[in-house]
Amino acid sequence: MKRLLLIIAAATLSFVGYAAGTVNFSVGGKYSKLFHSASDALLPPGANGSYPCFDITVGKNYHPSDSSDFARMYNYPIVGVGFSAALLNTMQTRENAYLGNMYNLYSFLEYDLWKNEAFSVGLKGNLGIGYNKGTFNPVTNPNNDFMGFPLMLYYGMGPYVKLRFGGHWEIGADAQLWHHSNGRMNLPNMGLNEWGVELFARYYVDTPYTGTRKVTPKKPVAKKFLWDVYAGGAPYVSDAIYFAYLKDRTREWPFKPQARFLVGGDVLYRYSNVTASGLALDFIYSTGNDRLMEADLSRFGKLSEQGYHPLYLAAAYVQEVFIGKVSMRASLGVHLFRRLGQGEALDVPTIFFQTLGARYYFQKLADTFIGFDCKVRYFSRADNLQFVVGKRF
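A brief structural summary. All values reported here derive from a predicted model rather than from experimental measurement.

Description of the packing of helix 4 (residues 239-247) against helix 5 (residues 289-300)
And step 1. Running from N to C, helix 4 and helix 5 cross one another at 40°; their axes reach a closest spacing of 9 Å. Put simply, helix 4 runs oblique to helix 5. Judged by the twist between their axes, the crossing of helix 4 over helix 5 is left-handed. Side by side, helix 4 and helix 5 meet where Ala240, Ile241, Phe243, Ala244 and Lys247 of the first sit next to Arg291, Leu292, Ala295, Asp296, Ser298 and Arg299 of the second.

Dropping the structure here:
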């Protein structure tokens, strides 16, 4: 907990320094609840699966004087960092299904769809990490199939309304859907789907801009092709290994993550100062095929006829949005070649995948970058959480 508090303090202080005179602060309380899929497995009859959640945020509010095409394009939004504490352990759960409290450190964006001097309506998105010590344990917590690793990816979004008064104050309400997943860094990883309604109050150090958007960029649009090369890796545990464990609980636990390594590149066309689109191609090497073969033998009594191959190939359509030195990336992709055995193919029978992630560009270091992508199937089932380093040309 001390380390977590130090990380929160460092993130907050660095962001306050970045935002300078345009900083704002907010506090909020949220009524939150698990979706039925989680509630049915975790809660005894009669329990409603609700719990309180508390948020604090530090944000930067943009003005027309900022030299930011992103700010003009998105109606002078608020970006910032936040910390939330979800008191999951206040819920009554089934025997041997303990959930610890969830602590989230996240970035957020508030985008006004419409606003005037007193009122605004818009959308908010969060992306960050969650921490929870109440993970699966075959002896002490065997019925918690939702969290197999204490660190989890956290993302959510939803609409809000805000009312301003006194020049510097604001009160608001929002409704959000959000999800926690560890990206299969370990299993089980059913993840948690949640929803909530929040009331919050915010104080602006300066007066927020409430005029209409001006979408004409201040800088000329730098239309050009962008070329990236990158390499990275991802720790993961196959579903096949977990289901083999459920069949024979004398097998190894905790699960030792396998490793995936990738090299790839993409070609994007930057058609505005804040957006680019293009195609990516990844070559991936997956370790642990011997463990997949062992899991298939345990589960099905035979090896897969399609075979097992450590190399596979993936292609994707990529969309990127730039926010200064940071970019948000999403993609829709297909596995052109993938042979990971019968269990893996049966558990998630699709060749298509989606990703959501971010990159940070070191512009003074020749546009090198670091980043991550959460790779999922069916827009919900985690495949892996991969980290990359690379160079933009």
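The structure having been displayed, the exposition proceeds.
Digging into the environment of Tyr106
And step 1. Tracing the chain through its elements places Tyr106 in strand 4 (residues 102-115).
And step 2. Taking C-alpha positions, Tyr106 is 10.0 Å from Gly125, a pair spaced 19 residues apart along the chain.
And step 3. If sequence neighbours within four positions are ignored, Tyr106 has contacts with Asp55, Ile56, Thr57, Gly80, Val81, Gly82, Phe83, Ser84, Asn126, Leu127, Gly128 and Tyr154.
And step 4. A polar atom in the side chain of Tyr106 sits 2.7 Å from the side chain of Asp55.

A word on the pairing of strand 9 (residues 224-236)
Sheet faces and side chains relate simply in a regular strand, where the side chains alternate between the two faces.
And step 1. Where strand 9 lies against strand 10 (residues 258-270), 13 bridges are found, and the strand directions are antiparallel. Looking at strand 10, one finds that Lys224 is bridged to Arg270.
And step 2. Here strand 9 pairs with strand 16 (residues 381-392) via six bridges, running antiparallel. The partner of Ala231 across the bridge, within strand 16, is Val389.

Cut-offs used in this document
Residues numbered from 1 in each chain as written. Predicted model: local features only at pLDDT ≥ 70, side-chain atom pairs only at ≥ 80, totals over all residues. Heavy atoms only, no water. Axes fitted to C-alpha atoms, helices over the stretch in contact; angles between N-to-C directions. Helix = DSSP H or I, 4+ residues; strand = E, 2+ residues; numbered from the N terminus. Parallel < 35°, antiparallel > 145°, perpendicular 65-115°, else oblique. Left-handed = near helix turned anticlockwise from the far one by under 90°. Contact = heavy atoms within 4.5 Å. Polar contact = N/O pair within 3.5 Å; in protein donor to acceptor, adjacent residues only side chain to side chain. Pairing = 2+ DSSP bridges.

Treat this as a map of the structure, not an account of what it does.
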